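Below are the chains, spelled out letter by letter.
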Amino acid sequence: MRPESRAFTLEAPAKINLRLRILARERLGFHSLETVFCAISLADTVTIRPGEGGIDLDVGGGIDTGPLERNLVVRAATRFYDELGRRGDLRIELRKRIPSSAGLGGGSSDAAATLRLLNHLHGEPFPREALMRIGGQLGSDIPFFLGGSPLAVGWSRGERLLTLPALPERAVLIAHPGVAIPTREAFERLAELRGAEYRPEASVLPLEGLGAWSTLAALACNDFDAVAAERIPIIPRACSLMRGGGAEITLLAGSGGSIFGIFRDAADAGPAGEQLRELGFSVWPATTLSQLPSPRPAEG
Ligand code: C5P
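Draft legend 1. Fine view of the site of the ligand. Lining the immediate environment of the ligand, one finds Gly29, Phe30, His31, Leu33, Ser140, Arg157, Thr183, Arg184 and Phe187. Here an oxygen atom of the ligand sits 3.4 Å away from a polar atom, N or O, in the side chain of Arg184. Its atoms largely coinciding with the cavity grid, the ligand occupies the largest pocket. At the level of secondary structure, the elements contributing two or more residues to the shell around the ligand comprise β2 (31-50) and α5 (183-194). Considered class by class, the residues forming the shell around the ligand number 3 nonpolar, 4 polar and 2 charged.

As structure tokens, then:
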């Protein structure tokens, strides 16, 4: 049977950053960072099925994802087949649940899931490191989703990774204010706020502190706080509300504009979510993941 005659599906989880320090602006405008990535159960679903010529994309729910060739999922599939040195014929179905431009890595995770599904379909022609290299050329957050663990420290643009053993699952609340912050704009505004005189601080992340939620809570921070608060003034209030409601860690997700809370006691997440809804936020209950999802045969 030709590999493309089979169909596989994979959950593409969102990520939150338990720590996000922006250390320096590089000469070409990109930023060096230090971060702790954590995958959560809020997820899109990517399915690949036999195609009828070339690479086609079907995004459910009438969501406009722009021109086909610019879509990150299609670009990931195209790069995969370029590296494989052959042509791909497949239909990619994408079911979106992760809000876009929300700091949750949805597009990156979809692209990573596409690479993993194609590698699975073709009998794992690329080792993990090769897949991570391909992913890193498409987007800074993609290698994390290919690294094999739901928890990892990332340096440089996030592609230099130290994977860590997962921590015990915790309840997570994702809250989105309905305002998107494109990543590029967040980095540009941060650079403006810091000014030309900005000198990078040394950031020393004690790696031994990353093996427990309590020590991670003490290291939790996000350098985009000021950018997000300027753009979406209700964010600091929503964060204090989540903290008051029992969250052990409350931060902006990535470069914003969504926020998250991690709860030691899952029963606290429901009432906190209700209060955030009253404030006008969309809310998704989730958990941290103890392992990344695996490809499985698709139905239908
Ligand atoms: O990697 P990604 O495509 O998500 O990045 C979007 C934009 O965010 C980049 O084009 C760049 O302007 C900015 N960025 C940055 N430093 C990073 C990651 C992203 O300046 N480490």
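Draft legend 2. Representation of helix α3 (residues 128-138) within the structure. Residues Ala130, Leu131, Met132, Ile134, Gly135 and Leu138 constitute the buried set of α3. If you follow the buried residues of α3, they end up packed against α1 (72-84), α2 (106-121), α4 (142-146) and β6 (160-164).

Draft legend 3. Region of the structure containing empty space enclosed by the protein. Evaluation of the coordinates by the stated rule reveals 2 cavities of 30 Å³ or more. Its boundaries defined by the atoms lining it, the largest cavity holds a volume of some 50 Å³. Around the largest cavity, the lining residues are Leu10, Glu11, Ala12, Pro13, Ser109, Ala112, Ala113, Arg116, Phe145, Leu292 and Pro293. Contributions of two or more residues to the lining of the largest cavity are made by β1 (8-25) and α2. In terms of residue class, the lining of the largest cavity is built from 8 nonpolar, 1 polar and 2 charged. Its boundaries defined by the atoms lining it, the second largest cavity holds a volume of some 40 Å³. What lines the second largest cavity is simply Cys38, Pro150, Leu151, Ala166, Leu167, Trp213 and Leu289.

Draft legend 4. Structural view of helix α9 (residues 269-278). Looking only at α9, the buried set comprises Ala269, Ala272, Gly273 and Leu276. Across the axial projection of α9, the buried residues extend over an arc of 100 degrees, all falling on one side. Residues of α9 that are buried make contact with β7 (171-176), α8 (235-244), β10 (259-263) and β11 (282-287). Remark: Gly280 follows α9 within two positions and exhibits a positive phi of approximately 100 degrees.

Draft legend 5. Inspection of unusual backbone geometry at higher detail. The omega torsion across Gly256 and Gly257 is -5 degrees, close enough to zero to call that bond cis. Even without a glycine there, the phi angle at Glu124 is positive, about 55 degrees. Structurally, Glu124 is set in the loop between α2 and α3. In this structure, Ser156 takes a positive phi of about 60 degrees despite not being glycine. The topology assignment puts Ser156 in strand β5 (residues 151-156).

Draft legend 6. Spatial organisation of the side chain of Thr9. Within the secondary structure layout, Thr9 lies in strand β1. You can call Thr9 buried: its relative accessible area is 7%. Within the local environment of Thr9, its side chain forms a polar contact with the backbone oxygen of Val46, the two atoms lying 3.2 Å apart.

Draft legend 7. Main features of the pattern of salt bridges. Under the counting rule described, the total for this entry stands at 20 salt bridges. Put simply, Arg231 and Glu185 hold a salt bridge, and the shortest N to O gap is 3.0 Å. Residue Arg231 is located in helix α7 (residues 225-231), and its partner Glu185 is located in helix α5; the two are separated by 46 residues in the primary sequence. With a relative accessible area of 41%, Arg231 lands in the partly exposed category. Judged by its relative accessible area of 36%, Glu185 falls in the partly exposed class.

Criteria and thresholds
- Residues numbered from 1 in each chain as written.
- Predicted model: local features only at pLDDT ≥ 70, side-chain atom pairs only at ≥ 80, totals over all residues.
- Heavy atoms only, no water.
- Near = heavy atom within 4 Å.
- Polar contact = N/O pair within 3.5 Å; in protein donor to acceptor, adjacent residues only side chain to side chain.
- 1 Å grid on protein atoms, 1.4 Å probe; cavity = no way out; pocket = protein on both sides within 12 Å on 5 of 7 lines; lining within 4 Å.
- Sits in = over half its atoms within 2 Å of the grid points.
- Helix = DSSP H or I, 4+ residues; strand = E, 2+ residues; numbered from the N terminus.
- Nonpolar A, V, L, I, M, F, W, Y, C, P; charged D, E, K, R; others polar.
- Buried < 20%, exposed > 50% of the residue type's maximum accessible area, 1.4 Å probe, protein only.
- Contact = heavy atoms within 4.5 Å.
- Points joined across faces, edges and corners; volume = space filled by probe spheres on them.
- Arc of directions from axis to C-beta.
- Salt bridge = Lys/Arg side-chain N within 4 Å of Asp/Glu carboxyl O.

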